[in-house]
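These are the residues of each chain, in order.
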Amino acid sequence: MLFNSLAFLLFFPIVTCLYFVLPYKYRWALLLAASCFFYMFFKPIYIFILFFTIIIDYYAGIWIENATGPKKKQYLAYSLMANIGVLAVFKYYNFINGNIDGLATLLDIKNPIPYLTILLPVGLSFHTFQAMSYTIEVYRGNQKAEKHFGIYSLYVMFYPQLVAGPIERPQNILHQFYEKYDINYDRIVSGLRLMLLGFFKKVVIADRMSLVVNQIYLNPTEQNAFTYIVAAYLFTFQIYCDFSGYSDIARGCARIMGFELMLNFNMPYIATSIKEFWSRWHISLSTWFRDYLYIPLGGNRVKSTSRLYANLFIVFLVSGLWHGANWTFIVWGALHGMYLVVAMIREKYVKPATKNIAITIFNWIWTFHLVVLTWIFFRANSIHEALHIIKTIFTNFLTTLDKYSIGQPVFLGLGKYSLSSIFYVLFGGILLITSEYLFTRKEIKALFYKYQWLRFSIYFILLYSIVFLGFFGETQFIYFQF
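Predicted, not measured: the structure shown is a model, and the values here were computed from it. (Residues numbered from 1 in each chain as written. Predicted model: local features only at pLDDT ≥ 70, side-chain atom pairs only at ≥ 80, totals over all residues. Heavy atoms only, no water.)

## A few points about the overall build of the chain
So, point 1. Per the secondary structure count, the chain includes 18 helices and zero strands.
So, point 2. Rg of the C-alpha trace for the chain: 24 Å, near the compact-globule value of 23 Å for 482 residues, within the 12% margin.
So, point 3. Taking the principal axes of the C-alpha coordinates as reference, the chain spans close to 70 × 70 × 50 Å.
So, point 4. Counting the 482 residues in the chain, one finds 51% classified as buried.
So, point 5. Within the chain, residue pairs in contact and separated by at least 24 positions form 75% of the contacts whose partners lie at least 6 positions apart. (Helix = DSSP H or I, 4+ residues; strand = E, 2+ residues; numbered from the N terminus. Rg over C-alpha atoms; globule rule 2.2 N^0.38 Å. Buried < 20%, exposed > 50% of the residue type's maximum accessible area, 1.4 Å probe, protein only. Contact = heavy atoms within 4.5 Å.)

This is how it looks when you write it as structure tokens:
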């Protein structure tokens, strides 16, 4: 079920009202049943994949807690193999086979391995990573094994964050399913405000931008430098508004019922370094890789700097692969890994300049455009296509400027999409991010809460924009495919 669908507009209030009406001891069952219904809206049969991993990890958690010595590690290995195995079959099998096929063609031999005609289950990488974090934390002794099968199932399947995160940790969310939450006005207002902002990001900004971006990438070889630049900037804002919009709606849904999910985005585009960007972007995933891959590899504790750089680079390669079974995602991850390694080398040998406003602005612009460059690989259908776009931008920009006069929509090759409509959605994205930044200022936030007319004016503008400017094509969230 999509958040931006009529079905969800009926589902959410019904489930929430029933949640508060039902006696406390039955609420977990309602949420679990609602989560199953929510997930089965996409493809019902894939619910059995969830059941498979839930059953294995539930018993693995208990066995790990009760085991000692090698058995403890053995049960953890069974759990991890089951989860990674599901990912390998449904997400990476055809990708690996395609690369084997390409190698076999080069060697002039026939690849005997057949392809599988299966669809990728929605949100597979999210709930498998959440399940793995549970068994790892039990193994480390940071979390008691959950004995209530229904509560553990709800931990994996909780509908607000089931298909696109945040990727929760058992220490944060499991105990919340045992809490009794009554109706709370402030919590409901706060949750609805998050949902309103999330819907605005999704249907007004992200989905409007997708109309232009998708058209450009459908015919990538027929565009010019201006078109590619527009697509690069639009997608940069599109993916942020799409993904952070989902997280806002998820956190808002949960908060209304009393549950607090972790913050997943913290204004990543104001970062003045790639390291800061990754402390603000998809926080639940970046901290997952830090805790369960980077640190076990040795993290910052290794004696060799080359090993340190290798650990960092490996983490981002795996992060890229997590995002999708395509070399474009691997290159995207590799670029971010390279950025960070180069930054660490630079810090080691170059004395940092005294910070001032000019240097801060330069670092921000530089960081932002490094990120924009990587998004081209993320969105492109192939590495060849991404390289063609980048080459065209850097070699044909002046030629395009001479050839076309500004103000002619045709110069973008976008047909009905005029230059003004493109700037409209781009301006909306910039305005949104600027507003988010301003809201971090204590004096601005104080004004917002002090004046009721100001709050309701903003609510009205957001709601009006959603109803009259939103695109309601029930477009999937970008990260559903991961």
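## With respect to the packing of aromatic side chains
So, point 1. Applying the stated criterion across every chain yields a total of 65 aromatic pairs.
So, point 2. Over the face of the ring belonging to Tyr 19 we find Arg 27, whose NZ or CZ atom lies 4.8 Å from the ring centre. (Phe/Tyr/Trp six-rings, centres within 6.5 Å; stacked < 30°, edge-to-face > 60°. Lys NZ or Arg CZ within 6 Å of the ring centre and 35° of its normal.)

## Some details on unusual backbone geometry
A negative phi holds for most residues other than glycine; trans holds for most peptide bonds.
So, point 1. With a phi angle near 60°, Asp 108 is a residue other than glycine that sits in the positive phi range.
So, point 2. Mapping Asp 108 onto the fold places it in the loop between helix H4 (70–106) and helix H5 (124–140).
So, point 3. Asp 108 sits in the exposed class, given a relative accessible area of 71%.
So, point 4. Despite not being glycine, Met 267 shows a phi value in the positive range, around 50°.
So, point 5. Relative to the helices and strands, Met 267 is located in the loop between helix H9 (225–257) and helix H10 (274–280).
So, point 6. According to the relative accessible area criterion, Met 267 is buried, its value standing at 11%.

## What to know about the packing of helix H1 (residues 6–21) against helix H2 (residues 27–40)
Two numbers describe a pair of packed helices, the interaxial angle and the distance between the axes.
So, point 1. H2 packs onto H1 with a crossing angle of 170° between their chain directions and a minimal axis gap of 9 Å. By the angle between their directions, the pair H1 and H2 is classed as roughly antiparallel. Residue-level inspection shows Phe 8, Phe 11, Val 15, Leu 18, Tyr 19 and Phe 20 of H1 in contact with H2, the latter providing Arg 27, Leu 30, Leu 31, Ala 34, Phe 37 and Phe 38.
So, point 2. Tallied by class, residues from the contact of H1 with H2 come to eleven nonpolar, no polar and one charged. (Axes fitted to C-alpha atoms, helices over the stretch in contact; angles between N-to-C directions. Parallel < 35°, antiparallel > 145°, perpendicular 65-115°, else oblique. Nonpolar A, V, L, I, M, F, W, Y, C, P; charged D, E, K, R; others polar.)

## Remarks on the pattern of salt bridges
So, point 1. Following the criterion strictly, the structure yields nine salt bridges and no others.
So, point 2. In this structure, Glu 65 engages Lys 147 in a salt bridge whose closest nitrogen and oxygen atoms are separated by 2.8 Å. On the criterion of sequence distance, the pair formed by Glu 65 in helix H3 (residues 47–66) and Lys 147 in the loop between H5 and helix H6 (149–157) is long-range, its members being 82 residues apart.
So, point 3. Since its relative accessible area comes to 25%, Glu 65 is described here as partly exposed.
So, point 4. Judged by its relative accessible area of 47%, Lys 147 falls in the partly exposed class.
So, point 5. Glu 276 serves as the salt-bridge partner of Arg 280, at 2.9 Å between the closest nitrogen and oxygen. (Salt bridge = Lys/Arg side-chain N within 4 Å of Asp/Glu carboxyl O.)

## Observations regarding the environment of Ile 270
So, point 1. Mapped onto the fold, Ile 270 is located in the loop between H9 and H10.
So, point 2. Sequence separation between Ile 270 and Thr 434 is 164 residues, and the spatial gap between their C-alpha atoms is 9.2 Å.
So, point 3. Apart from the residues within four sequence positions on either side, Ile 270 is in contact with Glu 276, Arg 280, Trp 364 and Tyr 437.

## Considering the environment of Leu 463
So, point 1. Mapped onto the secondary structure, Leu 463 falls in helix H18 (residues 452–469).
So, point 2. When the C-alpha atoms of Leu 463 and Leu 197 are compared, they prove to be 9.0 Å apart, with 266 residues separating the residues in sequence.

## Some points on the side chain of Thr 236
So, point 1. Secondary-structure assignment places Thr 236 in helix H9.
So, point 2. The buried category is assigned to Thr 236, whose relative accessible area is 0%.
So, point 3. Among the polar contacts made by the side chain of Thr 236, one reaches the main-chain carbonyl oxygen of Ala 232 at a distance of 2.7 Å.
So, point 4. Among all residues touching Thr 236, those that are not within four sequence positions of it are Tyr 269, Phe 368, Val 372 and Trp 375. (Polar contact = N/O pair within 3.5 Å; in protein donor to acceptor, adjacent residues only side chain to side chain.)

## Considering the confidence of the model for the chain
So, point 1. Averaged over every residue, the pLDDT of the chain is 88; residues scoring 70 or more account for 93%.
So, point 2. Confidence, read as mean pLDDT per element, is least for helix H16 (residues 419–438) in the chain (73) and greatest for H6 (96).
So, point 3. Low pLDDT, under 50, characterises residues 405–411; the predicted model gives this stretch twelve contacts beyond four residues in sequence or across chains. (pLDDT = per-residue confidence, 0-100.)

## Observations regarding H9
So, point 1. With 33 residues, H9 ought to run about 48 Å at 1.5 Å a step, and its terminal C-alpha atoms sit 48 Å apart, in line with that.
So, point 2. Counting buried positions along H9 yields 31 of 33 residues, so the element is predominantly enclosed.
So, point 3. Capping of H9 at its N-terminal end is provided by Asn 224; its side-chain oxygen lies 3.0 Å from the backbone amide nitrogen of Phe 226.
So, point 4. Phi for Gly 258, located one or two positions after H9, is positive at around 115°. (Expected span 1.5 Å × (residues − 1).)

## Things to note about H4
So, point 1. Taking 1.5 Å per residue, 37 residues should reach 54 Å; H4 reaches only 44 Å between its end C-alpha atoms and comes up short.
So, point 2. Taking the largest bend as the criterion, H4 deviates by roughly 65°, centred on Tyr 92.
So, point 3. Residues Leu 76, Ser 79, Ala 82, Asn 83, Val 86, Leu 87, Lys 91, Tyr 92, Phe 95, Asn 97 and Ala 104 constitute the buried set of H4.
So, point 4. If you follow the buried residues of H4, they end up packed against H3, H5, helix H12 (305–323) and helix H13 (327–349).
So, point 5. At the C-terminal side of H4, Asp 108 shows a positive phi close to 60°. (Bend = angle between axes of the 7 residues up to and from the residue.)

## Focus on a nonpolar patch on the surface
So, point 1. There is a patch of nonpolar side chains on the surface, built from Ile 45, Phe 48, Phe 51, Ile 55, Tyr 59, Trp 63 and Phe 149 and spanning about 720 Å² of accessible area.
So, point 2. When residues in the nonpolar patch are grouped by element, the largest group, five residues, is from H3.
So, point 3. Mapped onto the elements of the fold, Phe 51 is located in helix H3. (Patch = residues over 30% accessible without salt bridge, like charges linked within 9 Å, V, L, I, M, F, W, Y side chains within 5 Å. Areas by Shrake-Rupley, 256 points an atom, 1.4 Å probe, with all protein chains shown as cover.)

## Some remarks on the environment of Phe 200
So, point 1. Examined against the element boundaries, Phe 200 turns out to sit in helix H8 (residues 185–218).
So, point 2. Using a relative accessible area of 11% as the deciding quantity, one classes Phe 200 as buried.
So, point 3. For the pair formed by Phe 200 and Leu 432, sequence separation is 232 residues and the distance between their alpha carbons is 9.5 Å.
So, point 4. When neighbours within four sequence positions are excluded, Phe 200 is seen to be in contact with Ile 205, Leu 432, Leu 462, Ser 465 and Ile 466.

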